[in-house]
Amino acid sequence: MLYSGKSPDSSHLLRSAQYLQKELPVRIAHRIKEFRQLPFIVGCNPTILSVHEMYIRAFNMVTEFPPIEDINADIRYTNILRQLLDEHRDVVTMLAEGFKESRRYIEDESIVKYFLDRTLTSRLGIRIMCENHLGLHDEKANFVGIINVNFQPKKLIEKRADFARKLCEHKYSKVPNVKLNGHFNSTFPYIVQPVDYILGELLKNAMRATVENHLDSQHLPDITVTISNNDTDFIIRISDRGGGIPHNISKKIWQYHFTTSGQNADERVAGGIFDSVMNPMFSGPAAGPMHGFGFGLPVSKAYAEYLGGSLTVESMQGIGTDVYLRLRHIDGKKESFRI
């Protein structure tokens, strides 16, 4: 995608649209097939069934579109893609709710993990391809399609840390500082959206652990984020002093729907954002949960691995946790990943 090039006659837009017209029906069809292979009682869950029907509708829309042979057809096709991206924006939340409702009917957890890993990473790939095509039309400065050619990890970390701080302040009325070190000035091409999601989840986890482990302390220990960049990949380490992950749950953190939300009996932790966000009347400044669905870590890990990288955790029980996000560069100098 980075080196696809821009042509003065807009033929690059036609090539991109024609590729999507061939590729999207195949990918969507695979998702529909796997929805139909779910256990019957799970597939009949109203929320999961709604997502299944959304994929069927998307398949019909992209397959019924006539061959794209000129720019006018490309513009119409692009409008359909915008519509579908908007309609599917809440799919992750809907799947989280649907599988949570169906959980008591599922005996084999591997079924859930297999389906969600494949469905959510496929969704990521489809969105990257579609948003890349839309980006080719929009022609934003420093972007080639969806790729930010001057991606700066430091700026994204600061942005996500600021958002997580607002959530944390709203819930706990206290917030740890986030300190950055390492390769501050690193700049390279990358796809921002999945990194944005992963960093948001990791920083929320680190802040929550830090606050809940120091409820009686006047001073909260800092969260330290380290950036490392080399010719092959870049690494972001998030280190907290939130007490670490207990031995008895350390192997469960990658399971969908596993959450420690509600396990702390302290009334200063109960309620808060997650309870409020379930209330449609909630309109506070941070309308998003600090925790609760148990999707953040497994989805982040699936995304990182789909992008040819990894997400690993090293915990020192009684002290804190280090999380390592490692992602391959996409500049073509080394082997990368296929969307």
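Here, the structure is the one placed above.
Residues numbered from 1 in each chain as written. Predicted model: local features only at pLDDT ≥ 70, side-chain atom pairs only at ≥ 80, totals over all residues. Heavy atoms only, no water.

(A) A look at the pairing of strand 4 (residues 188–191). Burial of the side chains of strand 4 extends over both faces: Phe188 and Tyr190 are buried on one face and Pro189 and Ile191 on the other. In this structure, strand 2 (residues 147–151) lies alongside strand 4, joined through three bridges in antiparallel fashion. Across the sheet, residue Asn148 finds its bridge partner in strand 4, namely Tyr190. (Buried < 20%, exposed > 50% of the residue type's maximum accessible area, 1.4 Å probe, protein only. Helix = DSSP H or I, 4+ residues; strand = E, 2+ residues; numbered from the N terminus. Pairing = 2+ DSSP bridges.)

(B) Representation of the nonpolar core in the model. With 92 residues, the main nonpolar core has Phe99 and Tyr190 as its most contacted residues. At ten residues, helix 6 (residues 109–138) tops the list of elements feeding residues into this core. Excluding anything up to four places from it in sequence, Phe99 contacts Leu38, Val42, Ile48, Ile106, Val112, Phe115, Leu116 and His257. (Core = buried A, V, L, I, M, F, W, Y, C linked by side-chain atoms within 4.5 Å. Contact = heavy atoms within 4.5 Å.)

(C) Region of interest: the sheet that holds strand 6 (residues 233–240). Pairing is mixed in the open sheet, where five strands are placed in the order 3-5-6-8-7. The open sheet has two edge strands, strand 3 (178–182) and strand 7 (310–316), and neither has a second partner. The average undirected angle you get between the axes of adjacent strands in this sheet is 15 degrees. Pairing between strand 6 and strand 8 (residues 320–328): eight bridges, direction antiparallel. Within the sheet, the bridge partner assigned to Ile235 lies in strand 8 and is Arg326. (Axes fitted to C-alpha atoms, helices over the stretch in contact; angles between N-to-C directions.)

(D) Quick look at the packing of helix 5 (residues 91–102) against helix 6. Closest axis-to-axis distance for the helix 5/helix 6 pair is 11 Å, and the angle between their directions is 170 degrees. The orientation of helix 5 with respect to helix 6, classified from their angle, is roughly antiparallel. Where helix 5 abuts helix 6, its residues Val91, Val92, Leu95 and Phe99 lie against Val112, Phe115, Leu116, Thr119, Leu120 and Arg123. Partitioned by chemical class, the residues of the contact of helix 5 with helix 6 number eight nonpolar, one polar and one charged. (Parallel < 35°, antiparallel > 145°, perpendicular 65-115°, else oblique. Nonpolar A, V, L, I, M, F, W, Y, C, P; charged D, E, K, R; others polar.)

(E) Representation of the sheet that holds strand 2. What the three strands build is an open sheet, ordered 1-2-4; its pairing is antiparallel. Strands with a single pairing partner mark the edges of an open sheet, and in this sheet they are strand 1 (143–144) and strand 4.

(F) Geometry of the environment of Pro221. In this structure, Pro221 sits in the loop between helix 8 (192–212) and strand 5 (223–229). Residues Pro221 and Asn177, 44 residues apart in the sequence, show an inter-C-alpha distance of 7.5 Å. Setting aside chain neighbours within four positions, we find Pro221 in contact with Pro176, Thr210, His214 and Arg241.

(G) Inspection of the environment of Arg89 at higher detail. Relative to the elements of secondary structure, Arg89 occurs in the loop between helix 4 (71–87) and helix 5. When the C-alpha positions of Arg89 and Arg127 are compared, they lie 9.6 Å apart, and in sequence the two are 38 residues distant. Discounting chain neighbours no more than four positions away, the residues touching Arg89 are Arg123 and Arg127.

(H) Fine view of helix 3 (residues 46–63). End to end, helix 3 covers 26 Å across 18 residues, agreeing with the expected 26 Å (1.5 Å per residue, within 8%). Burial in helix 3 covers these residues: Thr47, Ile48, Val51, His52, Met54, Tyr55, Ala58, Met61 and Val62. Buried positions along helix 3 lie against helix 1 (11–36), helix 2 (40–43), helix 4, helix 5 and helix 6. (Expected span 1.5 Å × (residues − 1).)

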